[in-house]
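Summary of structural features
Single-letter residue listing:
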Amino acid sequence: MTRQALNGTFHGWLRRVRQTAVFLSLLQIVSGCARSLPALRPQSEFVLGTLCTVNLYQGGTAAPAALYHEIFARLREIEAVMSVNLSDSDVEAVNRNAGIMPVPVRSDVLAVIECALKYAELSGGAFDPTIGPLVKLWGIGQDGARRPAAAEIEAALSLVNWRDVVIDREAGAVFLRRPGMALDLGGIAKGYAADEAIRILKNRPASNRESGAIIDLGGNIFAYGEKAGQQPWRIGVQNPLEERRGVYLGVLELRNKTVVTSGVYERFLELDGKRYHHILSTQNGC
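Treat the numbers as computed from the prediction; the structure is a model and nothing was measured.

For helix α3 (residues 107-122), with 16 residues, the first-to-last C-alpha span of 23 Å sits near the 22 Å given by 1.5 Å per residue. Within α3 the residues assigned to the buried category are Asp108, Val109, Leu110, Val112, Ile113, Cys115, Ala116, Leu117, Tyr119 and Ala120. Structurally, α3 contributes buried residues whose contacts are with α1 (64-82), α2 (90-96), β5 (165-168), β6 (173-176) and α6 (189-202).

Here it is, written out as structure tokens:
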């Protein structure tokens, strides 16, 4: 599994979890398909642990600079409360107090965690938002990544159990029952963030909405609206076995849908000729 928890507070988030496409690579917009509408200066920022690009296509009288700013501001807000890499995030506050006391969190954090627990139950624990101890142990994609000893993996696995997450809706608080437990929402936050970006676009006055948009959050792509001529967006799935970019396994035609993949060649640890990817199993910890 990836660092865990399924995407968002809506039913569509299930499709956005990284581990659902273990052998697929990051998505790319098929060359040329995004040129049929005039773009409004696509903007990129490093946020949510990856390079995120927002590409709006002209179709109204919206103020594009303000719209880009609003979307990226919301992405940064989500990162600030859900990242495990920020010591002052809500999620890290919950993790620091594991086995000690419940921690009040913001409403969107609570909603994402609740949805993660729902799908953990549906998957029988194959998907688990308490994967944090394993993710930290391996450290793949971070400085100091290593292949842990079997005893270390076993110890970390003993702390992975979604049933030990306690939600107090009235208090808006989250509690991890055992010391050492840790939530990791790295696999869900980008899906929720994509939904939030689209919510911002949809909430614009009707006369000022953009004709279309591609929200690319590093493997999480939301194709909003459609191209000129009422044509769907065409999203190519990179072949992970090809070193050359632009070699696709297939092309998806989408309107107002999101597609998410997670590849084993983008983030991995290679030792003694063996590659360990970042998609970790809740069964054996590897």
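A separate point is the pairing of strand β12 (residues 268-271). Bridge count for β12 against strand β13 (residues 274-277) is four bridges, and the pairing is antiparallel. Bridging across to β13, leucine 271 finds its partner in lysine 274. Between β12 and β13, which pair antiparallel in sequence order, lie two residues; one of them, aspartate 272, sits at a positive phi of approximately 50°.

Glancing now at the packing of aromatic side chains. Per the stated rule, a full pass over the model turns up two aromatic pairs. Note on tyrosine 57 and tryptophan 233: the rings are 5.2 Å apart at their centroids and 45° apart in plane angle, and the pair reads as tilted. In this pair, tyrosine 57 sits in strand β3 (residues 50-57) while tryptophan 233 sits in strand β9 (residues 233-238), placing the two residues 176 residues apart along the sequence. For the ring pair tryptophan 138 and tyrosine 276, a centre distance of 5.5 Å and an interplane angle of 45° mean the geometry is tilted. Residue tryptophan 138 is found in helix α4 (residues 132-138), and its partner tyrosine 276 is found in strand β13; the two are separated by 138 residues along the sequence. Taking the relative accessible area as the measure of exposure, tryptophan 138 reaches 2% and is therefore buried. A relative accessible area of 16% means that tyrosine 276 is categorised as buried.

The rules behind the values
Residues numbered from 1 in each chain as written. Predicted model: local features only at pLDDT ≥ 70, side-chain atom pairs only at ≥ 80, totals over all residues. Heavy atoms only, no water. Helix = DSSP H or I, 4+ residues; strand = E, 2+ residues; numbered from the N terminus. Expected span 1.5 Å × (residues − 1). Buried < 20%, exposed > 50% of the residue type's maximum accessible area, 1.4 Å probe, protein only. Contact = heavy atoms within 4.5 Å. Pairing = 2+ DSSP bridges. Phe/Tyr/Trp six-rings, centres within 6.5 Å; stacked < 30°, edge-to-face > 60°.

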